[in-house]
Amino acid sequence: MPPRALLSLLGLASLLALGGCAGGQALPLVARTAEAGPSAPSAIAGRHRIFVATTRAEDPRPGYVFGGGRSDATHYARVDMTVPKAHEPGTIERRYGSVAEPDKFFNAERVVGYKTGAVFKAALREDIRRHGGRALVFIHGYRNNFDDAVYRLTQIVQDSGYSGTPVLFSWASAGSTLEYVYDSNSATAARDELEYTLRTLADAGATKIDVIAHSMGNWVTVEALRQLAIGHDKDLGGRLGDVVLASPDIDVDVFRSQMQRYGKPRREFAVIVSADDQALRLSGLIAGRKPRLGDYSQAADLAKLGVTIVDLSNVRANDSLAHTKFADNPELLRLLGQRLAEDESPGTGQGQITERVNNLARGIGQTLGSAADIIITTPVDVLRIAVGR
């Protein structure tokens, strides 16, 4: 690697170590002291039952639940989370001490383990039935510890107003900046189990299964969807709903190959990109300067694959790496919640697409304090919307 590229790589690695893509030292998800401070309903903004399917090995340390090692078998669990009334949309109020303070921080009240997949499916079936047949699967990215992933899904569900059953699929990320190759291999090893988890949700009675993947989690997600297509069940018998690929850490050529095998989606996938994503810049350097899907500029080329490209390059980032814009902007999360709440497929008609884009522009224009450009490239047209100043 040329000296200049090496310096850039080291600089970006240092930046990544400071924030943006979670990671760092894993912390206990469950507090050592069960409760401190008011826990009355007036102190809590939301309660969420997060179902978990994971290829991580169990962590024997008290409160950690699952670690960064790989497991030979998938583990199943449920984490009961609370969100404080003091929560600000777009943020995660994390506890760093050993005492739970549910009036100030996200809090894991209880962790329930399921010994078998059958018991897990039965619990899912009951929860999905109570939530109108809807389920949402979140697949986290590179450098995420288990607690990072649980907190992020809880925040997404809370801020988007999602009303279905949330399911975290957590593959064995080491949670370390220097373990990129390990994480990539862990994600690849988990693709069969993600496919199985999606099928399990369908078998458990879900009538609309939405998927949100972030960063490297997109690799295992698109691979699992590709495998569904190979098995002649690409949309889970019509149950697959919205697929949101946020900041995808996938080689662009590989994504083209995956989508050519998958075929045109019945409901176009949403791919969220940003040219200022520094985490994907680092990934591209590691991958031999190959462009990543999440910061690729040729949106019209990708739209031909049957996806909608949402370019957030000029939307203000709240993290130093501009890698979590999809979850850090309260209005974007609210609009995501509206999208997930749609029952019917919006199709690809020009009028319908224009209406959706105009709604997006109006929503962002009402809440963003600074100018922002969002470029939405659909399979049939390219529409540019300028909002703000």
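Because the structure is predicted, anything quoted here is derived from the model rather than measured.

(A) Representation of the overall build of the protein. When helices and strands are tallied, the protein shows twelve helices and eleven strands. The long-range share in the protein, meaning contacts at least 24 apart out of those at least 6 apart in sequence, stands at 79%. In the form shown here, the protein has an accessible surface area of approximately 16100 Å², with 52% of it arising from carbon and sulfur atoms.

(B) Spotlight on helix 4 (residues 180-189). Inspection of helix 4 places Tyr180, Asp183, Ser186 and Ala187 among the buried residues, and these make up the whole buried set. In a view along the axis of helix 4, the buried residues occupy a sector of 125°, so they form one face of it. Away from the buried face of helix 4 by more than 90 degrees, exposed residues Val181 and Ala189 are located.

(C) Representation of the pairing of strand 1 (residues 44-58) in the model. When strand 1 meets strand 2 (residues 66-84), the two strands line up antiparallel, connected through twelve bridges. Residue Gly46 lies in a different strand from strand 2, and its bridge partner there is Val83. Summarising the sheet, strand 1 and strand 5 (residues 165-170) pair through four bridges and their orientation is parallel. Considered in strand 5, the bridge of Phe51 is made with Val167.

(D) Region of interest: the pattern of salt bridges. Counting across every chain of the model gives 22 salt bridges. The network of salt bridges with shared partners includes Arg49, Glu126, Asp127, Arg129 and Arg130.

(E) Spotlight on the packing of aromatic side chains. For the structure shown, the criterion picks out seven aromatic pairs. Between Tyr76 and Phe120, the ring centres sit 4.6 Å apart and the planes meet at 25°, which makes this aromatic pair stacked. Remark: Phe120 occurs in helix 2 (residues 117-130) and Tyr76 occurs in strand 2; sequence separation between them is 44 residues. Take Tyr76: its relative accessible area is 11%, and that puts it in the buried class. An aromatic cluster of at least three residues, connected via ring pairs, comprises Phe51, Tyr76, Tyr114 and Phe120. Just above the ring of Tyr182 sits the side chain of Arg70; from NZ or CZ to the centre is 4.2 Å.

(F) Expanded view of the packing of helix 2 against helix 5 (residues 191-203). One way to put it is that helix 2 packs onto helix 5 with a least axis distance of 9 Å and a crossing angle of 55°. By the angle between their axes, helix 2 is oblique relative to helix 5. Classified by chirality, the crossing of helix 5 by helix 2 is right-handed. Each of Lys121, Leu124, Arg125 and Ile128 in helix 2 lies in contact with helix 5, whose residues at this interface are Thr200, Leu201 and Asp203. Of the residues that constitute the contact of helix 2 with helix 5, the class distribution is three nonpolar, one polar and three charged.

(G) How the structure looks around the packing of helix 5 against helix 6 (residues 217-230). The N-to-C vectors of helix 5 and helix 6 enclose an angle of 65°; their axes lie 8 Å apart at closest approach. The handedness of the crossing between helix 5 and helix 6 is right-handed. Two secondary-structure elements touch here, helix 5 through Arg191, Asp192, Leu194, Glu195, Leu198 and Arg199 and helix 6 through Val220, Thr221, Glu223, Ala224, Leu225, Gln227 and Leu228. The residue inventory of the contact of helix 5 with helix 6, partitioned by class, reads six nonpolar, two polar and five charged.

(H) Representation of the side chain of His48 in the model. Topologically, His48 is positioned in strand 1. For His48, the side chain forms a polar contact with the side chain of Gln158, separated by 2.7 Å. Dropping the residues within four chain positions of it, His48 is found in contact with Val79, Asp80, Met81, Val83, Thr154, Val157 and Gln158.

(I) How the structure looks around the confidence of the model for the protein. Per-residue pLDDT for the protein has a mean of 81; in total, 74% of the residues score no lower than 70. Per-residue pLDDT stays below 50 along residues 1-20; that stretch engages in 33 contacts with residues further than four places along the chain or on separate chains.

(J) Seen up close, helix 6. Under the 1.5 Å per step criterion, the end-to-end length of helix 6 is 20 Å for 14 residues, consistent within 8% with the ideal 20 Å. With twelve of its 14 residues buried, helix 6 lies for the most part within the structure. Burial in helix 6 covers these residues: Gly217, Asn218, Trp219, Val220, Thr221, Val222, Glu223, Ala224, Leu225, Gln227, Leu228 and Ala229. Among the residues trailing helix 6, His232 stands out with phi positive, at a value near 60°.

(K) Geometry of the side chain of Ser186. Along the chain, Ser186 turns up in helix 4. Of the residues examined, Ser186 reaches a relative accessible area of 3% and is grouped as buried. Separated by 2.7 Å, the side chains of Ser186 and Arg70 make a polar contact. Discounting residues that sit within four places of it in the chain, Ser186 has contacts with Arg70, Trp171 and Ala172.

Reading guide: rules and limits
Residues numbered from 1 in each chain as written. Predicted model: local features only at pLDDT ≥ 70, side-chain atom pairs only at ≥ 80, totals over all residues. Heavy atoms only, no water. Helix = DSSP H or I, 4+ residues; strand = E, 2+ residues; numbered from the N terminus. Contact = heavy atoms within 4.5 Å. Areas by Shrake-Rupley, 256 points an atom, 1.4 Å probe, with all protein chains shown as cover. Buried < 20%, exposed > 50% of the residue type's maximum accessible area, 1.4 Å probe, protein only. Arc of directions from axis to C-beta. Pairing = 2+ DSSP bridges. Salt bridge = Lys/Arg side-chain N within 4 Å of Asp/Glu carboxyl O. Phe/Tyr/Trp six-rings, centres within 6.5 Å; stacked < 30°, edge-to-face > 60°. Lys NZ or Arg CZ within 6 Å of the ring centre and 35° of its normal. Axes fitted to C-alpha atoms, helices over the stretch in contact; angles between N-to-C directions. Parallel < 35°, antiparallel > 145°, perpendicular 65-115°, else oblique. Left-handed = near helix turned anticlockwise from the far one by under 90°. Nonpolar A, V, L, I, M, F, W, Y, C, P; charged D, E, K, R; others polar. Polar contact = N/O pair within 3.5 Å; in protein donor to acceptor, adjacent residues only side chain to side chain. pLDDT = per-residue confidence, 0-100. Expected span 1.5 Å × (residues − 1).

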